[in-house]
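# Close look at the chain arrangement
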Amino acid sequence: MVRYAEPGAVEWVESGGGPLIAVPETVLPFWTGADGEETASDYDRACEVDGQVGLLPVGDSAALVLGDEPASTAYLPGHGAFVRWCAADSEDEVLAGVPGALDTADWEPEVTWQVPGPVFLFDAAWPGTACERADHVRVALEPGRYAVRVADVRPGPETWLNVVQLRRLTDR
């Protein structure tokens, strides 16, 4: 894992150039990444996601694709958000900008994601069974439905973030 701060502060995940993906732990073995025997690999499917986020079927669940650009990404549980570092001089600058960014963001329309429990965030090119050999982070989500919204934000003149916020929905 890539660390830009003191160990244990924030864990950043990077990709080799393609999208990152958050795959539920229960279906990790079904994500084949760039491997695969079909015409289009799972990685190809992830690359075809149009926009900043999208859902792809994996096993009996769905994975969340963080598309658009391969920015370093961390999950901040206190904000319920994946923060994508697009431009900033330091990690401190990125983290300091998050609260204001969340308050002032111009959010894109939400998607609903059914999550069976914890997910692993990693480079979509890796197979799920090998994601622990690459940059990855385990995100401890509770099972349930989540509203997922995304925004590009500029909390400072030289700071640009992409924020993907998860909000737990109550069952009706």
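As a starting point, this report considers the structure included with it. What you see is a predicted model, and the numbers here were worked out from it, not measured in a lab.

## Comments concerning the nonpolar core
- Counting residues in each nonpolar core, the largest one holds 21 residues, and the members touching the most others are Leu64, Phe82, Trp113, Leu141 and Leu166.
- Counting residues per element, the ones that place at least two in this core are strand 1 (20-24), strand 3 (61-66), strand 6 (111-115), strand 7 (119-123), strand 8 (136-139), strand 9 (144-156) and strand 10 (159-168).
- Residues within four places of leucine 64 in sequence aside, it is in contact with Leu20, Ile21, Ala22, Val53, Gly54, Leu55, Phe82, Trp113, Val148, Val164 and Leu166.
- Formed by 18 residues, the second largest nonpolar core is a distinct cluster that contains Ala74, Val83, Ala101 and Val153.

## As for helix 2 (residues 91-104)
- Its 14 residues place the ends of helix 2 20 Å apart at the C-alpha level, agreeing with the 20 Å of an ideal helix rising 1.5 Å per residue.
- Of all the bends found along helix 2, the most pronounced is centred on valine 98 and spans about 40°, while proline 99, a proline, follows it within four residues.
- Within helix 2 the residues assigned to the buried category are Glu91, Val94, Gly97, Val98, Ala101 and Leu102.
- Where helix 2 is buried, its residues touch strand 4 (72-76), strand 5 (81-87), strand 9 and strand 10.

## So, the side chain of glutamate 91
- Note on placement: glutamate 91 falls in helix 2.
- On the basis of relative accessible area, glutamate 91 is assigned to the buried category, the value being 5%.
- Within the local environment of glutamate 91, its side chain forms a polar contact with the side chain of tryptophan 12, the two groups lying 2.4 Å apart.

## Some remarks on the layout of surface pockets
- As a volume, the largest pocket reaches approximately 200 Å³.
- Going through the elements one at a time, strand 4 and strand 8 are the ones with two or more residues in the lining of the largest pocket.
- In terms of residues, the lining of the largest pocket owes the most to one element, strand 8, which gives three residues.
- Here the lining of the largest pocket is composed, by residue class, of nine nonpolar, one polar and two charged.

## So, the packing of aromatic side chains
- All chains considered together, the criterion is met by two aromatic pairs.
- Judged by centre distance (5.3 Å) and plane angle (65°), the rings of tryptophan 12 and tryptophan 85 are edge-to-face. In this pair, tryptophan 12 sits in the segment before strand 1 while tryptophan 85 sits in strand 5, placing the two residues 73 residues apart along the sequence.
- The class for tryptophan 12 is buried, based on a relative accessible area of 0%.
- Among the residues examined, tryptophan 85 registers a relative accessible area of 16% and is labelled buried.
- Just above the ring of tryptophan 107 sits the side chain of arginine 149; from NZ or CZ to the centre is 4.0 Å.

## Here we look at the side chain of serine 41
- By the secondary structure assignment, serine 41 is in the loop between strand 1 and helix 1 (42-47).
- Assessed through its relative accessible area of 8%, serine 41 is described here as buried.
- Other than its neighbours up to four places away in sequence, serine 41 contacts Gly33, Ala34 and Asp35.

Cut-offs applied
- Residues numbered from 1 in each chain as written.
- Predicted model: local features only at pLDDT ≥ 70, side-chain atom pairs only at ≥ 80, totals over all residues.
- Heavy atoms only, no water.
- Core = buried A, V, L, I, M, F, W, Y, C linked by side-chain atoms within 4.5 Å.
- Buried < 20%, exposed > 50% of the residue type's maximum accessible area, 1.4 Å probe, protein only.
- Helix = DSSP H or I, 4+ residues; strand = E, 2+ residues; numbered from the N terminus.
- Contact = heavy atoms within 4.5 Å.
- Expected span 1.5 Å × (residues − 1).
- Bend = angle between axes of the 7 residues up to and from the residue.
- Polar contact = N/O pair within 3.5 Å; in protein donor to acceptor, adjacent residues only side chain to side chain.
- 1 Å grid on protein atoms, 1.4 Å probe; cavity = no way out; pocket = protein on both sides within 12 Å on 5 of 7 lines; lining within 4 Å.
- Points joined across faces, edges and corners; volume = space filled by probe spheres on them.
- Nonpolar A, V, L, I, M, F, W, Y, C, P; charged D, E, K, R; others polar.
- Phe/Tyr/Trp six-rings, centres within 6.5 Å; stacked < 30°, edge-to-face > 60°.
- Lys NZ or Arg CZ within 6 Å of the ring centre and 35° of its normal.

In short, shape yes, function no, at least from these values alone.
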